[in-house]
Amino acid sequence: MALTIDDIYDKEFALKGGGYDRNDVDQFLDEICDEMTNMQERIDQLESDLSKARAEAEAARQSVKPAPQPVAKAEPAVAKTSQTLESILLSAQRLADEAVENANAKAETIVKEAQEKASQIVDDAQTERETLSSELESMRKAAAEYKDSFLAMVNKYKSMLEGEGFFKK
């Protein structure tokens, strides 16, 4: 499937963790689309020029009667112009393909880095959760021990008080 300018304009990335600034990504993709649009316009212009040159060459061939020597020299010039335009068109297409490949590679790198960063954030949060859970469990045990110790002390003093007759009437 060929990547189109509309595909880039319409691409939405899922947000994970911190992620990249959506506006920066969108702005970069817009720049890529603008460059691809310019290249496509240039390719279209070159194709149009090539078509016109071919049409002119064909018209010249048809309008020229078996020609004397000077007309024969004109045909190689038209053929050379046609070849030059084809060469320019191929170069423009190659540049456009390279730009798309570079954009795809950069997008893959950005996505990979974002995924790695998200994974690190999740790992850090999991570690923090485990640490807090451990601390909470420690505090619960300490509170239970304090409660048991306090109740034992209260019971001890209660039995001491009951043993001396403070509560007898």
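Report on the accompanying structure.

So, how was this worked out
- Residues numbered from 1 in each chain as written.
- Predicted model: local features only at pLDDT ≥ 70, side-chain atom pairs only at ≥ 80, totals over all residues.
- Heavy atoms only, no water.
- Salt bridge = Lys/Arg side-chain N within 4 Å of Asp/Glu carboxyl O.
- Helix = DSSP H or I, 4+ residues; strand = E, 2+ residues; numbered from the N terminus.
- Buried < 20%, exposed > 50% of the residue type's maximum accessible area, 1.4 Å probe, protein only.
- Phe/Tyr/Trp six-rings, centres within 6.5 Å; stacked < 30°, edge-to-face > 60°.

**Some points on the pattern of salt bridges**
Summed over the entire model, instances satisfying the criterion amount to 3 salt bridges. Glu 58 is the salt-bridge partner of Arg 61, the closest N and O atoms lying 3.7 Å from each other. Remark: Glu 58 and Arg 61 occur in helix H2 (residues 22-63); sequence separation between them is 3 residues, near one turn of the helix. Glu 58 sits in the partly exposed class, given a relative accessible area of 37%. Put simply, Glu 98 and Arg 94 hold a salt bridge, and the shortest N to O gap is 3.9 Å. You can see Glu 98 and its partner Arg 94 sitting in helix H3 (residues 69-163), 4 residues apart, about one turn around the helix. A relative accessible area of 35% places Glu 98 in the partly exposed class.

**So, the packing of aromatic side chains**
Describing an aromatic ring pair means giving the distance of the ring centres and the angle of the ring planes. A full pass over the atoms with the stated rule returns 1 aromatic pair. Taking 6.3 Å as the distance between ring centres and 20° as the angle between the ring planes, the aromatic pair formed by Tyr 146 and Phe 150 counts as stacked. Here the residue Tyr 146 and the residue Phe 150 both occupy positions in helix H3, the gap between them amounting to 4 residues, near one helical turn. Overall, the relative accessible area of 41% leaves Phe 150 in the partly exposed class.

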